[in-house]
Amino acid sequence: SSLMDIKVPLYNVLNFLLTGFVFIGCLLLMHPDIVRNFIMSEYYNRITAMSETVLLLCVISIAYEIGFVLNRTGSVIVEPILKKTKIVPFNDDYALYNRKAEEFSIMSVLSREYALSRTSVLLFFALSIIAMISCKWNLMIAFAACVLVFALSCRKHASKIVELMGEK
């Protein structure tokens, strides 16, 4: 198998990119002066068409990496917390999961939605903390509400997965 055979699923690219862009966008919402100062700076005036493309590629790469880090951190930190606090039911029998996934095609969709919700819990928790540190109380409340919504979404998707795994 060659290196060219490796394929990154479109789902992952979109998931990571969108998560990263939401994070960056919310930071800019909290601190619009950063953008304004950049646009008014001499650096912005020096950007040529070629370097605008490079800048865009850098922003896309940074957004992807932020999304990727949030996704993996959600997996190793948020998921164990959700399981330990019993917020989500969980069945670690992956062999059973794989058998049931062949039987119920919806399992892969539920699993992806669960992972996206788990990543969003961490995304909005981090944004909530940043908003609190920045004394942006309305945004902190909005982000905290998103944490709750996505935690409930995790619970819903995990419950359905565990339920389907119990089906004969």
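Residues numbered from 1 in each chain as written. Predicted model: local features only at pLDDT ≥ 70, side-chain atom pairs only at ≥ 80, totals over all residues. Heavy atoms only, no water.

Draft legend 1. View of the packing of aromatic side chains. For the structure on display, the rule yields 5 aromatic pairs. With a centroid separation of 5.3 Å and an interplanar angle of 75 degrees, the aromatic rings of Phe16 and Tyr64 are classed as edge-to-face. Taken together, the residues span a long stretch of sequence, with Phe16 in helix α1 (residues 10-30) and Tyr64 in helix α4 (residues 49-84) at a distance of 48 residues. Judged by centre distance (6.1 Å) and plane angle (35 degrees), the ring pair of Phe124 and Phe143 falls under tilted. Of this pair, Phe124 sits in helix α6 (residues 106-133) while Phe143 is found in helix α7 (residues 137-166), placing the two residues 19 residues apart along the sequence. For Phe124, a relative accessible area of 12% puts it in the buried group. (Phe/Tyr/Trp six-rings, centres within 6.5 Å; stacked < 30°, edge-to-face > 60°. Helix = DSSP H or I, 4+ residues; strand = E, 2+ residues; numbered from the N terminus. Buried < 20%, exposed > 50% of the residue type's maximum accessible area, 1.4 Å probe, protein only.)

Draft legend 2. Focus on the pattern of salt bridges. Per the stated rule, a full pass over the model turns up 4 salt bridges. Put simply, Arg118 and Glu79 hold a salt bridge, and the shortest N to O gap is 2.8 Å. Here Glu79 lies in helix α4 and Arg118 lies in helix α6, a separation of 39 residues in the sequence. The class for Glu79 is buried, based on a relative accessible area of 11%. Asp92 is paired through a salt bridge with Lys83; the nearest N and O atoms lie 3.3 Å apart. A relative accessible area of 26% means that Lys83 is categorised as partly exposed. (Salt bridge = Lys/Arg side-chain N within 4 Å of Asp/Glu carboxyl O.)

Draft legend 3. Region of the structure containing the nonpolar core. Membership of the largest hydrophobic core comes to 20 residues, with the highest contact counts inside it found for Val88, Val121, Leu123, Phe124, Leu127, Phe143 and Cys154. Elements represented by at least two residues in this core include exactly α1, α4, α6 and α7. Those residues in contact with Leu127, other than ones at most four positions away along the chain, are Phe23, Cys26, Leu27, Met30 and Phe143. Ranked by size, the runner-up nonpolar core spans 7 residues in total, among them Leu96, Met107, Leu110 and Leu164. (Core = buried A, V, L, I, M, F, W, Y, C linked by side-chain atoms within 4.5 Å. Contact = heavy atoms within 4.5 Å.)

Draft legend 4. Local environment of the packing of helix α5 (residues 94-103) against α7. Interaxial distance between α5 and α7 falls to 9 Å at its minimum, and their mutual angle equals 85 degrees. With respect to α7, the axis of α5 lies roughly perpendicular. On the side of α5, the interface is formed by Leu96, Tyr97 and Lys100, while α7 contributes Ile161, Leu164 and Met165. Among the residues forming the contact of α5 with α7, the class breakdown is 5 nonpolar, no polar and 1 charged. (Axes fitted to C-alpha atoms, helices over the stretch in contact; angles between N-to-C directions. Parallel < 35°, antiparallel > 145°, perpendicular 65-115°, else oblique. Nonpolar A, V, L, I, M, F, W, Y, C, P; charged D, E, K, R; others polar.)

Draft legend 5. Focus on the environment of Cys26. Structurally, the position occupied by Cys26 is in helix α1. A C-alpha to C-alpha distance of 9.1 Å links Cys26 and Leu139, two positions 113 residues apart in sequence. The contact partners of Cys26, leaving out residues within four places of it in the chain, are Leu127 and Phe143.

Draft legend 6. Quick peek at the layout of surface pockets. Of the volumes computed, that of the largest pocket is approximately 380 Å³. If you go around the largest pocket, you meet 22 residues; those closest to its centre are Glu79, Phe90, Ser111, Tyr114 and Arg118. Here the lining of the largest pocket is built from residues that sort into 12 nonpolar, 6 polar and 4 charged. Here the second largest pocket is characterised by a volume of approximately 150 Å³. The wall of the second largest pocket is formed by Ile77, Val78, Ile81, Leu82, Ile87, Val121, Leu122, Phe125, Val147 and Ala151. Elements represented by at least two residues in the lining of the second largest pocket include exactly α4, α6 and α7. At 4 residues, the largest contribution of residues to the lining of the second largest pocket is made by α4. Its residues assigned to classes, the lining of the second largest pocket comprises 10 nonpolar, no polar and no charged. (1 Å grid on protein atoms, 1.4 Å probe; cavity = no way out; pocket = protein on both sides within 12 Å on 5 of 7 lines; lining within 4 Å. Points joined across faces, edges and corners; volume = space filled by probe spheres on them.)

The quantities given are spatial measurements derived from coordinates; they are silent on function.
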